[in-house]
Amino acid sequence: ASLRGGTMSGVLGAVLRRAKRVASIRVHAIHKHRADEVADAIREEAPKYGLLTKGIIRLPTHIRRYTVNRSVFVNKKSQESFEMRRHKRLIEVFALSESEPTGLLHALMERPPLGTYL
């Protein structure tokens, strides 16, 4: 079971308040769709290991801009700009018992998703 958004209401909210946070997984990717896919996959895998997850929290996108001269020797005014964006997501993992999320973390680290950094 997982909780969307951040609203803690009803039975699931009470269960999540009793649960202990055992991990915060940060996903970094250059393509935002890939970051969302990996975060969704983590949320689907967590219940198989007896863990609860809370949200896919979007963190600020890191933008790195580069400006280079088009010509090496002349035309200082002629420049080209490039940028690289790194999209970040955060998933909170909770456990009802004292067990550690080693199974989920080992599964993620064994075969890390392509194009992402955990």
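Residues numbered from 1 in each chain as written. Predicted model: local features only at pLDDT ≥ 70, side-chain atom pairs only at ≥ 80, totals over all residues. Heavy atoms only, no water.

Caption draft 1: Region of the structure containing the overall build of the protein. Along its length, the protein carries 3 helices and 5 strands. Considering only contacts in the protein between residues 6 or more positions apart, those separated by 24 or more positions represent 74%. With the model as given, the accessible surface of the protein reaches about 8,300 Å², and the carbon-plus-sulfur share is 54%. (Helix = DSSP H or I, 4+ residues; strand = E, 2+ residues; numbered from the N terminus. Contact = heavy atoms within 4.5 Å. Areas by Shrake-Rupley, 256 points an atom, 1.4 Å probe, with all protein chains shown as cover.)

Caption draft 2: View of a nonpolar patch on the surface. A surface patch of nonpolar side chains, about 460 Å² in accessible area, is lined by I30, Y66, V68, F82 and M84. Of all the secondary-structure elements, those providing two or more residues to the nonpolar patch are β3 (51-69) and β4 (79-95). Along the chain, the position of V68 falls in strand β3. (Patch = residues over 30% accessible without salt bridge, like charges linked within 9 Å, V, L, I, M, F, W, Y side chains within 5 Å. Salt bridge = Lys/Arg side-chain N within 4 Å of Asp/Glu carboxyl O.)

Caption draft 3: Region of interest: the environment of R86. Assignment of secondary structure puts R86 in strand β4. Remark: the alpha-carbon pair of R86 and H62, spanning 24 residues in sequence, is separated by 5.1 Å. Ignoring sequence-local partners within four residues, the contact set of R86 consists of H28, A29, T61 and H62.

Caption draft 4: Layout of the nonpolar core. In terms of nonpolar packing, the biggest core is built from 16 residues, with I25, V27, I42, L51 and L104 touching the most fellow members. Breaking this core down by element, the ones donating at least two residues are β2 (20-29), α2 (32-45), β3, β4 and α3 (102-110). (Core = buried A, V, L, I, M, F, W, Y, C linked by side-chain atoms within 4.5 Å. Buried < 20%, exposed > 50% of the residue type's maximum accessible area, 1.4 Å probe, protein only.)

Caption draft 5: Expanded view of the pattern of salt bridges. Counted according to the given criterion, the structure contains 6 salt bridges. Here R58 makes a salt bridge to D36, at a shortest N to O gap of 3.7 Å. Here D36 lies in helix α2 and R58 lies in strand β3, a separation of 22 residues in the sequence. On the basis of relative accessibility, which here comes to 55%, the residue R58 falls in the exposed class. Residue D36 is classed as buried on the basis of its relative accessible area, which comes to 18%.

Caption draft 6: Representation of α2 within the structure. In a regular helix each residue adds 1.5 Å, so 14 residues correspond to 20 Å; α2 covers 20 Å between its end C-alpha atoms and thus fits that length. Residues A35, D36, V38, A39, I42 and R43 constitute the buried set of α2. Looking straight down α2, one finds its buried side chains confined to an arc of 165 degrees; they lie on one side. In α2, those exposed residues whose orientation departs by more than 90 degrees from the buried face are H33 and E44. (Expected span 1.5 Å × (residues − 1). Arc of directions from axis to C-beta.)

Caption draft 7: Spatial organisation of the side chain of D36. Of note is the side chain of D36, whose polar atom sits 2.8 Å from the side chain of R89. Not counting the four nearest positions on each side in its chain, D36 is found in contact with R58 and R89. (Polar contact = N/O pair within 3.5 Å; in protein donor to acceptor, adjacent residues only side chain to side chain.)

Caption draft 8: Looking closely at the side chain of H28. Note that H28 resides in strand β2. Residue class for H28 comes out buried when judged on its relative accessible area of 12%. Once residues within four sequence positions are removed from consideration, H28 is found in contact with R86, H87, K88, G115, T116 and Y117.

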